[in-house]
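Chain by chain, the residues run as shown.
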Amino acid sequence: MVYFILSRHGYDQLAASGGLPTSPLWVSGGVLSVDELSALRSLGFNITDFDSQIDPSDPEEIDEAVETIRLHHPGQVVWVEYSHAA
């Protein structure tokens, strides 16, 4: 499974739910700082950040991002953060 996080709140909730997954983790641009990304990678986490922020209220942007993730992880389930408030 691949996790796609769209917000800092979503990242914090995932991290608090028992630790970050060992599965690949993709985050929208700006969710994590350069230092946070570097620290996670140095700990062995497979984390990829988009160059730009994905609007969590724009289904088309989310779909495009998921397609990009699927290109890198064919055949994998992609879990996408969703918030009704978004």
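Look up: the structure comes first, before these words.
All figures in this text were calculated on a predicted structure; none of them were measured in a lab.

I'd like a description of helix α1 (residues 8–16), backed by residues and values.
Here α1 has its buried residues at G10, Y11 and L14. The buried residues of α1 occupy an angular sector of 100° when projected down its axis, which confines them to one face. Along α1, the residues that are exposed and aim more than 90 degrees away from the buried face are H9 and A16. Looking at the packing, one finds that the buried side of α1 touches β1 (2–5), β2 (25–27) and α2 (34–42). In the stretch just after α1, G18 is the one whose phi turns positive, near 120°.

So what about the sheet that holds strand β4 (residues 78–80)? Which residues, and what values?
Taken in spatial order, the four strands line up as β3-β2-β1-β4 in an open sheet, and their pairing is parallel. Two strands bound the open sheet, and with one partner strand each, they are β3 (47–49) and β4. In this sheet, neighbouring strand axes are inclined to one another by 20° on average, regardless of whether the strands run parallel or antiparallel. Here β2 pairs with β3 via three bridges, running parallel. Residue W26 lies in a different strand from β3, and its bridge partner there is T48.

So what about the nonpolar core? Which residues, and what values?
One finds Y3, I5, Y11, L14, L20, L25, V27, V31, L32, L37, L40 and I47 forming the largest nonpolar core, which totals twelve residues. Mapped onto this core, the elements with two or more residues apiece are β1, α1, β2 and α2. Among residues more than four places away in sequence, those in contact with Y3 are L14, P21, S23, P24, L25, W26 and W79. Within the second largest apolar cluster, eleven residues are counted, among which are V2, L6, I54 and I69.

Could you give me a rundown of the side chain of E81, with the residues and numbers involved?
Within the element layout of this structure, E81 appears in the segment after β4. Despite its burial, E81 pairs with no opposite charge; the closest candidate is R8, at 10 Å N-O. Reaching out from E81, the side chain makes a polar contact with the backbone nitrogen of L6 at a distance of 2.7 Å. In terms of polar contacts, E81 uses its side chain to reach the side chain of S7, at 2.6 Å.

How each quantity is defined
Residues numbered from 1 in each chain as written. Predicted model: local features only at pLDDT ≥ 70, side-chain atom pairs only at ≥ 80, totals over all residues. Heavy atoms only, no water. Buried < 20%, exposed > 50% of the residue type's maximum accessible area, 1.4 Å probe, protein only. Helix = DSSP H or I, 4+ residues; strand = E, 2+ residues; numbered from the N terminus. Arc of directions from axis to C-beta. Contact = heavy atoms within 4.5 Å. Pairing = 2+ DSSP bridges. Axes fitted to C-alpha atoms, helices over the stretch in contact; angles between N-to-C directions. Core = buried A, V, L, I, M, F, W, Y, C linked by side-chain atoms within 4.5 Å. Lys, Arg positive; Asp, Glu negative; His and termini not counted. Salt bridge = Lys/Arg side-chain N within 4 Å of Asp/Glu carboxyl O. Polar contact = N/O pair within 3.5 Å; in protein donor to acceptor, adjacent residues only side chain to side chain.

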